[in-house]
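Single-letter residue listing:
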Amino acid sequence: MESHKVLIIGSGGRENALAWKISQSKFCDKLFIAPGNAGTSFLGENVEISISDFGSIRDLILSNKITVVIVGPEDPLVNGLHDFLSNEIKNDNFIVIGPKKNGAILEGSKEFAKEFMLRHKIPTARYRTFNKKNIHEADTFLSSLNPPYVLKADGLAAGKGVLILPDLNEAKKSLENMILNKKFGQASEKVVIEEHLKGIEVSSFVLTDGETYKIFPMAKDYKRVGVGDTGLNTGGMGAISPVPFVDQKLYKKIENQVIQPTIRGLKKDKIDYTGFLFIGLMIVKDDPYVIEYNVRLGDPETEAILPRIESDLLEIFLKLKSSKLQTSNLKVSELFSSTVMTVSKGYPEKYEKGKVIRGLEFVNDSFLFHSGTKKENQNIVTSGGRVIAVTSMDKQLDKALEKSYKTISKIKFQGKTFRNDIGFDL
Ligand code: AMP
Ligand code: GLY
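Each value, and the rule that gives it
Residues numbered from 1 in each chain as written. Chains lettered and ligands numbered in written order. Predicted model: local features only at pLDDT ≥ 70, side-chain atom pairs only at ≥ 80, totals over all residues. Heavy atoms only, no water. Helix = DSSP H or I, 4+ residues; strand = E, 2+ residues; numbered from the N terminus. Rg over C-alpha atoms; globule rule 2.2 N^0.38 Å. Buried < 20%, exposed > 50% of the residue type's maximum accessible area, 1.4 Å probe, protein only. Lys, Arg positive; Asp, Glu negative; His and termini not counted. Charge placed at Lys NZ, Arg CZ, Asp CG, Glu CD. Core = buried A, V, L, I, M, F, W, Y, C linked by side-chain atoms within 4.5 Å. Pairing = 2+ DSSP bridges. Axes fitted to C-alpha atoms, helices over the stretch in contact; angles between N-to-C directions. Contact = heavy atoms within 4.5 Å. Near = heavy atom within 4 Å. Polar contact = N/O pair within 3.5 Å; in protein donor to acceptor, adjacent residues only side chain to side chain. Areas by Shrake-Rupley, 256 points an atom, 1.4 Å probe, with all protein chains shown as cover. Phe/Tyr/Trp six-rings, centres within 6.5 Å; stacked < 30°, edge-to-face > 60°. Lys NZ or Arg CZ within 6 Å of the ring centre and 35° of its normal. 1 Å grid on protein atoms, 1.4 Å probe; cavity = no way out; pocket = protein on both sides within 12 Å on 5 of 7 lines; lining within 4 Å. Points joined across faces, edges and corners; volume = space filled by probe spheres on them. Parallel < 35°, antiparallel > 145°, perpendicular 65-115°, else oblique. Nonpolar A, V, L, I, M, F, W, Y, C, P; charged D, E, K, R; others polar.

*Asks:* Before we move on, could you go through the overall build of the protein and cite the residues and values that matter?
*Replies:* Looking only at helices and strands, one finds 12 helices and 22 strands in the protein. Computed over C-alpha atoms, the radius of gyration of the protein comes to 21 Å, within 12% of the 22 Å expected from 2.2 N^0.38 for 426 residues, which places it in the range of a compact globule. In terms of its C-alpha atoms, the protein occupies a principal-axis envelope of roughly 60 × 50 × 45 Å. Split into buried and exposed, the 426 residues of the protein put 57% on the buried side. With 60 positive and 53 negative side-chain charges, the protein shows a separation of 0 Å between the mean positions of the two kinds.

*Asks:* For the nonpolar core, give the residues involved together with the corresponding values.
*Replies:* Looking at soluble globular proteins, one finds that nonpolar side chains tend to be buried together. Among the nonpolar cores identified, the biggest contains 48 residues, and Leu7, Ile61, Val69, Leu85 and Tyr293 are the most heavily contacted of them. Examining the composition of this core, we find that six residues originate from one element, helix α9 (residues 248-268), more than from any other. Membership of the second largest hydrophobic core comes to 39 residues, among which are Ile33, Ile316, Leu325 and Met341.

*Asks:* Give me the lowdown on the sheet that holds strand β7 (residues 149-153), citing residues and values where you can.
*Replies:* Read across the open sheet, the four strands follow the order β6-β9-β7-β8; overall the sheet is antiparallel. Both edges of this open sheet fall to β6 (127-130) and β8 (162-165), since each of them pairs with a single strand only. The sheet shows a mean angle of 20° between the axes of neighbouring strands, direction not considered. In terms of strand pairing, β7 meets β8 through four bridges, oriented antiparallel. Opposite Lys152, over in β8, you have Val162 as the bridge partner. Against the sheet, helix α8 (residues 168-179) contacts β6, β7, β8 and β9 (191-194), and its axis sits at roughly 5° relative to β7.

*Asks:* Please provide a residue-by-residue account of the pairing of strand β16 (residues 287-294), values included.
*Replies:* Across the eight residues of β16, six count as buried, placing the element largely inside the fold. Note that strand β15 (residues 275-284) and β16 share seven bridges and pair antiparallel. Bridge pairing in β16 places Leu281 opposite Val290. Hairpin connection, β15 to β16: the antiparallel pair is bridged by two residues, and Lys285 has positive phi, about 45°.

*Asks:* I'd like to hear about the site of ligand 2, residue by residue, with values.
*Replies:* Neighbouring residues of ligand 2: Asp221, Gly235, Phe278, Arg296, Gly298, Asp299, Pro300 and Glu301. One nitrogen or oxygen atom from the main chain of Gly235 is found 3.3 Å from a nitrogen atom belonging to ligand 2. A distance of 3.0 Å separates an oxygen atom of ligand 2 from a polar side-chain atom of Arg296. For ligand 2, whose free accessible area comes to 200 Å², the fraction covered by protein is 87%.

*Asks:* Explain the packing of aromatic side chains to me, and be specific about the residues and the numbers.
*Replies:* Going through the model one piece at a time under the given rule, you end up with 12 aromatic pairs. On the numbers, 5.1 Å between centres and 85° between planes, the contact of Phe216 with Phe276 is edge-to-face. In this pair, Phe216 sits in strand β11 (residues 213-221) while Phe276 sits in strand β15, placing the two residues 60 residues apart along the sequence. Phe276 shares its class with Phe216; the two are buried. Between Tyr405 and Phe418, the ring centres sit 5.9 Å apart and the planes meet at 40°, which makes this aromatic pair tilted. Taken as a pair, Tyr405 in helix α12 (residues 397-410) and Phe418 in the segment after β22 (416-417) lie far apart in primary sequence, 13 residues in all. In this arrangement the basic side chain of Lys220 is found over the ring face of Tyr222, its NZ or CZ atom lying 4.3 Å from the centre.

*Asks:* Pulling in residues and values, what's your account of the layout of surface pockets?
*Replies:* When its volume is computed, the second largest pocket comes out at roughly 370 Å³. Taken together, 21 residues make up the lining of the second largest pocket; nearest its centre are His82, Lys100, Asp272, Thr274 and Lys321. Going through the elements one at a time, α4 (81-88), β5 (95-97), α9 and α11 (313-321) are the ones with two or more residues in the lining of the second largest pocket. No other element matches the three residues that α4 contributes to the lining of the second largest pocket.

*Asks:* Go over the packing of helix α1 (residues 13-23) against α11, please, and point to the residues and values.
*Replies:* Two elements in contact, α1 and α11, have axes separated by 7 Å at closest approach and are oriented at 90°. As far as their axial angle goes, α11 and α1 are roughly perpendicular. Contact residues: Leu18, Lys21 and Ile22 in α1; Leu313, Leu314 and Phe317 in α11. Of the residues assigned to the contact of α1 with α11, the class counts are five nonpolar, no polar and one charged.

*Asks:* An account of α11 is requested, with residue identities and associated values reported.
*Replies:* Counted residue by residue, α11 has seven buried out of nine residues, so it is predominantly covered. Listed as buried for α11 are Leu313, Leu314, Ile316, Phe317, Leu318, Lys319 and Leu320. Of the residues flanking the start of α11, the one acting as N-cap is Asp312, its side-chain oxygen 3.1 Å from the backbone nitrogen of Leu314. Downstream of α11 by a residue or two, Ser323 has a phi angle that is positive, lying close to 55°.

So, in structure tokens, the structure goes:
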């Protein structure tokens, strides 16, 4: 195989972890990240282009003879970046990791995803979709459910579109607010209401060419901002991998009852999918149910799982292009990986930026994946809510966590905040 010029789209911890992994590949000739962050600037060339500026992305690809594009976040995929590039770039070697619009809609529309699951008999919570026309029927449906009530804006809402409400009247009011007052804009013109599933969540990741697949390591994400899983939902405050309670039996159930029918469904529906599927699962009494599909890797799950991949990830992506995914060998380390996110004080609500980060040079026991950082003069400063993901590995989960917390104590910035109980429930 020849070497390739690679472009990663995005600027978070997930993209820093991808850049770290791809930059080690013997097939990577040159790496670009658009727009990237301070962390990615040490691994490749950051290019100041917005992820929604498709024209500039195309120009960058053409002028640098880039042949592999890896799309980190969902937004450009849902908006058709893959379709656009496929039309614009006439090069048989060119590949985009990330689905076209007709696959990305699995994340772009909750209603589409639920219909897909129903059509292909994939276990998921009972649901109904409501809009302006049938909102008057919602009372009856809500009353048929037990609290709490799960309301999901149909479209993308920057991770904020799911409400879980304990009170029936509050649920009715929120539904009106979503549909009639467009609480999440166009995204909540339609709302999926579904049964609340009680169980424990697992993030599963599959790389697929729409016919065959490779299962990547599973992870557990810690979404709430506060200790003991309390407080507001965030993008993710930490992750661990592997997930200790996913034993061989549960793993096989996830593969047989969820992953295989999903891949068969893509094929039956003629969705030529290239990229990652992130299947959010709820394990209820030893059985997996799909909570959501995402058409990308998770953040911070990626920061926990990629250090466990021993194979050359770019080589696997290139096999995807030649429909030889099946022949690739995905080698996974047996070590535990623990990721703890440092965030800005106030996140996920209002927070300050521009705080100088110090102490990074003293870190030797962990990987640092930057989320919201940038270079300013001679310094690295905070530029987002999630600042740096700290990942450590060990044979034992508690030792891996201990290393991450020790590393965090070396990293200094004003307002540094983190959850001190990642993995507490395991
Ligand atoms: P989503 O944005 O779809 O990931 O949903 C956000 C979070 O809401 C999920 O990670 C779950 O914790 C929770 N959630 C979503 N759907 C359900 C459900 N049917 N039952 C229980 N919790 C849910
Ligand atoms: N960590 C959850 C997500 O990436 O959506």
